[in-house]
Amino acid sequence: MTTETPRFRLGFLTHVQGRGDDLARTYRNAQELFVVADELGFDVGWVAQHHVSLGGGGLSSPWTFLAHAAARTTRIRLGTAITILPLEDPVRLAEDVSAVDTLSGGRVEIGVGSGSSSLEYAAFGKDVARKRELTSENLLVLRQALANEEVGTSGFRIQPPAADFTDRIWQGVFSGEGAAYAASGGSNLLLNRAAYGFDAPTDEVQRPWADAFLAAWDRPRRPRIGLSRFVFPAKDRRTALQQIGDDVHRAALRMAESGAFPRDLDGDEALRRFHSFYGHPDEIVAALRQEKVLPVATDLITQFNPAVPDHDAAVRALELIATEVAPALGWKPARDPEPEPAGV
C-alpha cells in the first residue's frame, strides 16, 4: 500500500429542505449553499437522495441538481451521500454521473447505498427485502460502466466515456460487516451522522465499523473515510438552539415512531441521539477533538439536517465551519490549481 496519507478534506451535506411550500426557493437556497461553500474553500458538497418528500423539501434527482451546481461553481467537488442504488438502472446512472463529471471538469464523487424506505421501494416496484442483494448487483454493473467496460449487451459502453473513478466511489454502511464488504470492493466508506437503534454514543458504535473497514482494505491506494456529522456553529449555544432545537426534537420523535429512537425523548436527548455539535466554534472544536471516529477519517462532512436553519444562519454557519472550526482541526483549503470552469 502507498504510504501517502490522503489529504484531510472538508465537506458539507444538504438534504435540500426549507420552510413552507416554496420549493423553488428551497432549491435555489440549496444551490446558493454550494456557491458559498465553493468560495469558502470547502472540498466537497454532498446531497442526499430521497424519493419520499422530507419536511419542506427533499431531493429525488440529485444528478440534475449537481449538474446545475457544477455550472455555478468552479472548484468544489460534487457528490451524493447517497444515491439509492437499488432504485436506479446502474447503466443509466453511470451515464448521468459521467455527464456531470465531464461538465464539471472531473469533480464528481458518487456515494451509493441501499436506502431504507419501504414506500420508495414499492413505488419503484422493488422488493425492499432484497435491498442488499440489489445494491451489490447494481454496484457491480455501475463499476463496470464507469470503467468503460461493455455493459448490458455486447458492444455497448456508456458515453460520454467516464474518467477514472477508481477512488471516487463511496458506500454508506450501517455495520462492521457492511464496512468490511465496502472495503473488499474498493469503495471508500461513508458513515452517517448518527447510529440508529443504539443507546451508546454514535462514535462509540461507529469506530469499530471504521476499524473493520481499514482492516479489510487490501488495495494499493490509501482508502478514504467520510465522517458525516451534525455541526452547527453560532455565536453561542443559545443562538444555535434557537435555530436547530425544535427541528431536531421533532425529527427524533418521528424517528421514534419507527423504533430508531426511544419514544418520548426530550430535546437534550434528541440532540444526543443525533450526535450533535453545536454552539460557539470553540465549544464545537473541543467536542470534536473527543470524537472517536474523527482520528481515522479523511473527510469531515458537516451537515445541519434534520434542522432547517434560516438561510442566512446556514450561510453564517458554513462560514464559521470553514474559518474557525475546521482549521482548528487541521484542515487547510486545497492549494491545487483550480479546474477549468464547466464548458457548457
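Residues numbered from 1 in each chain as written. Predicted model: local features only at pLDDT ≥ 70, side-chain atom pairs only at ≥ 80, totals over all residues. Heavy atoms only, no water.

(A) Fine view of the overall build of the protein. Within the protein, the regular secondary structure consists of 11 helices and nine strands. Computed over its C-alpha atoms, the radius of gyration of the protein comes to 19 Å, within 12% of the 20 Å expected for a compact globule of 344 residues. Principal-axis analysis of the C-alpha atoms places the extent of the protein at approximately 60 × 45 × 45 Å. Here the protein, with 344 residues, has 50% of them falling under the buried criterion. In the protein, 76% of the contacts between residues at least 6 apart in sequence involve partners at least 24 apart. (Helix = DSSP H or I, 4+ residues; strand = E, 2+ residues; numbered from the N terminus. Rg over C-alpha atoms; globule rule 2.2 N^0.38 Å. Buried < 20%, exposed > 50% of the residue type's maximum accessible area, 1.4 Å probe, protein only. Contact = heavy atoms within 4.5 Å.)

(B) Just the nonpolar core, in detail. One finds Phe-42, Ile-110, Leu-142, Leu-146, Leu-191 and Phe-232 to be the most contacted residues of the largest nonpolar core, which totals 90 residues. Counting residues per element, this core draws most heavily on helix 11 (residues 311-328), which supplies nine residues. Not counting residues up to four positions away in its chain, the partners in contact with Leu-146 are Ala-94, Val-97, Ile-158, Ala-162, Ala-163, Phe-165 and Ile-169. Formed by 13 residues, the second largest nonpolar core is a distinct cluster that contains Leu-13, Ile-82, Trp-170 and Leu-190. (Core = buried A, V, L, I, M, F, W, Y, C linked by side-chain atoms within 4.5 Å.)

(C) Spotlight on the pattern of salt bridges. Evaluation of the coordinates by the stated rule reveals 23 salt bridges. When the shortest N-O distance is used, the salt bridge between Asp-38 and Arg-75 registers 4.0 Å. Linking Asp-38 in helix 1 (residues 23-40) with Arg-75 in the loop between helix 2 (62-72) and strand 3 (77-84), this pair joins segments that are 37 residues apart in sequence. Asp-38 sits in the buried class, given a relative accessible area of 9%. Arg-75 gets classed as buried once you look at its relative accessible area, which sits at 19%. As a salt-bridge pair, Arg-130 and Glu-137 come within 3.7 Å of each other at their nearest N and O atoms. (Salt bridge = Lys/Arg side-chain N within 4 Å of Asp/Glu carboxyl O.)

(D) Representation of helix 8 (residues 237-257) in the model. Helix length check: helix 8 (21 residues) gives 28 Å between terminal C-alpha atoms against 30 Å at 1.5 Å per residue, within 8%. Remark: the principal bend of helix 8, roughly 45 degrees, maps to Ile-244. Buried within helix 8 we find Ala-240, Gln-243, Ile-244, Gly-245, Asp-247, Val-248, Ala-251, Ala-252, Met-255 and Ala-256. Looking at the buried side of helix 8, the elements it contacts are strand 7 (225-233), helix 9 (267-273), strand 8 (276-279) and helix 11. Its side-chain oxygen at 3.3 Å from the backbone nitrogen of Arg-238, Asp-236 defines the N-terminal cap of helix 8. Just downstream of helix 8, Gly-259 is the residue with a positive phi angle, here 90 degrees. (Expected span 1.5 Å × (residues − 1). Bend = angle between axes of the 7 residues up to and from the residue. Polar contact = N/O pair within 3.5 Å; in protein donor to acceptor, adjacent residues only side chain to side chain.)

(E) Representation of the packing of aromatic side chains in the model. Counted according to the given criterion, the structure contains 10 aromatic pairs. Consider the rings of Phe-12 and Phe-42, whose centres lie 6.0 Å apart with planes at 80 degrees: the pair is edge-to-face. With Phe-12 in strand 1 (residues 9-14) and Phe-42 in the loop between helix 1 and strand 2 (44-47), this residue pair connects regions lying 30 residues apart in the sequence. Phe-42 carries the same exposure label as Phe-12, and that label is buried. Each ring, one from Phe-198 and one from Trp-209, has its centre 6.2 Å from the other, and the planes form 65 degrees; the classification is edge-to-face. Pair noted here: Phe-198 is in the loop between strand 6 (188-191) and helix 7 (202-216) and Trp-209 is in helix 7, with a separation of 11 residues, a long-range link. Under the relative-accessibility criterion, Phe-198 is labelled partly exposed at 36%. Its relative accessible area of 8% is what places Trp-209 among the buried residues. An aromatic cluster is present here, built from Phe-12, Tyr-27, Phe-34, Phe-42 and Phe-65 joined pairwise through their rings. In this structure, Arg-168 packs its charged tip against the face of Phe-165, placed 3.8 Å from the ring centre. (Phe/Tyr/Trp six-rings, centres within 6.5 Å; stacked < 30°, edge-to-face > 60°. Lys NZ or Arg CZ within 6 Å of the ring centre and 35° of its normal.)

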